[in-house]
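Residue-level structure breakdown
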Amino acid sequence: MESRSYVLRFTFYAPHASRLTSHLSNFVGFGKISIMSSSKQDTRYSAKRRAANRKRIRDLGRNIFAYFFVAVLIIGTVSTVFIASTPASTPASDATPTTNPSSFLGLVTQADTELASGKYENAIGLYNAYLSQNATDADVLFKLGKAYVSPQNPTPDYLSGVDYLQRAVTINGSAAWAAEAFALISQYQPQAQATATAISASAAVTGTATIASPSLTATTVITK
């Protein structure tokens, strides 16, 4: 019998060629099987598949970025609208605010320095600024009254000085400076009374005036 050999030409992809060759060689009826693979076609297919995968990844990345950007815009818009529609909470204010006296002690220290330098007008202004927030500080009331009536003051105000001295001893009559305050009140009471009389006489020419001074313990009302 004539022996014939058959050559079967198949094109397989490289990963499966060796396995298929083994199976076909064991198939009865074939004398010789030759498997011919095409490396060029396999390389071309793999390249196309890799290119397609890269394209899908790029498209997926662009889509994710676009969705993320849109989500950020939506969240930002919703947050802005929510903040704008929410009324601002105003902290409840205390009906009777309190002032810490220690925060104004610097005014007293500065006033003492000005007074020691002979700048009575500056010192009196600083004492008054402190007393506007701490009106019952007897020590500062005494300092202010004494500054008003001091012989070194180029523009003394006996009426105000006696008034502040009287208020100081009324609040704290047992202070270390109380004896000096009483002595100054007795010394400058006549000048204070004379000032009050002069103001009353001047007011009588122009109209109605009211003079009130705790140190004088009287209120004079003059009506034209």
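Keep in mind it's a predicted model, so treat the numbers as computed, not measured. (Residues numbered from 1 in each chain as written. Predicted model: local features only at pLDDT ≥ 70, side-chain atom pairs only at ≥ 80, totals over all residues. Heavy atoms only, no water.)

Side-chain pairs of opposite charge can arise whenever the charged atoms involved come near each other. Within this structure, the stated rule accounts for four salt bridges. Between Asp-112 and Lys-143 there is a salt bridge, and its shortest N-O distance comes to 3.1 Å. With Asp-112 in helix α3 (residues 105–116) and Lys-143 in helix α5 (residues 138–149), this pair connects stretches of sequence that are 31 residues apart. Residue classification places Asp-112 among the partly exposed positions, given a relative accessible area of 28%. The exposure class assigned to Lys-143 is partly exposed, which follows from its relative accessible area of 30%. Bridged by salt links that share partners, the residues Lys-55, Asp-59 and Arg-62 form one connected network. (Salt bridge = Lys/Arg side-chain N within 4 Å of Asp/Glu carboxyl O. Helix = DSSP H or I, 4+ residues; strand = E, 2+ residues; numbered from the N terminus. Buried < 20%, exposed > 50% of the residue type's maximum accessible area, 1.4 Å probe, protein only.)

Okay, the packing of α3 against helix α4 (residues 120–131) next. α4 packs onto α3 with a crossing angle of 165° between their chain directions and a minimal axis gap of 8 Å. When the interaxial angle is binned, α3 and α4 end up roughly antiparallel. Read as a crossing pair, α3 and α4 show a hand that is left-handed. Side by side, α3 and α4 meet where Leu-105, Leu-107, Val-108, Gln-110, Ala-111, Asp-112, Glu-114 and Leu-115 of the first sit next to Tyr-120, Asn-122, Ala-123, Leu-126, Tyr-127, Ala-129 and Tyr-130 of the second. (Axes fitted to C-alpha atoms, helices over the stretch in contact; angles between N-to-C directions. Parallel < 35°, antiparallel > 145°, perpendicular 65-115°, else oblique. Left-handed = near helix turned anticlockwise from the far one by under 90°. Contact = heavy atoms within 4.5 Å.)

Confidence in the prediction of the protein chain, expressed as mean pLDDT, is 75, and 62% of residues score 70 or more. Ignoring residues within four places in sequence, the model shows residues 10–14, a span with pLDDT below 50, making 15 contacts including any to other chains. For residues 217–224, every residue scores under 50 in pLDDT, and the model assigns this stretch 22 contacts once sequence neighbours within four places are set aside. (pLDDT = per-residue confidence, 0-100.)

A cluster of nonpolar side chains, contributed by Phe-65, Phe-69, Val-70, Leu-73, Ile-74 and Val-78, occupies part of the molecular surface with about 610 Å² of accessible area. Here Phe-69 is to be found in helix α2 (residues 39–85). (Patch = residues over 30% accessible without salt bridge, like charges linked within 9 Å, V, L, I, M, F, W, Y side chains within 5 Å. Areas by Shrake-Rupley, 256 points an atom, 1.4 Å probe, with all protein chains shown as cover.)

Where α4 contacts α5, the axes come no closer than 10 Å and their chain directions differ by 150°. Considering their axes alone, α4 and α5 lie roughly antiparallel with respect to each other. Relative to α5, the crossing made by α4 is left-handed. Here Tyr-120, Ile-124, Tyr-127, Asn-128, Tyr-130 and Leu-131 of α4 lie close against α5, whose contacting residues are Val-140, Leu-141, Lys-143, Leu-144, Ala-147 and Tyr-148. For the contact of α4 with α5, the per-class residue count stands at 10 nonpolar, one polar and one charged. (Nonpolar A, V, L, I, M, F, W, Y, C, P; charged D, E, K, R; others polar.)

Okay, a positive patch on the surface next. A surface patch of like charges, here positive, comprises Arg-49, Arg-50, Arg-54 and Arg-58. In this structure, Arg-58 sits in helix α2. Owing to a relative accessible area of 45%, Arg-58 belongs among the partly exposed residues under this scheme. (Lys, Arg positive; Asp, Glu negative; His and termini not counted. Charge placed at Lys NZ, Arg CZ, Asp CG, Glu CD.)

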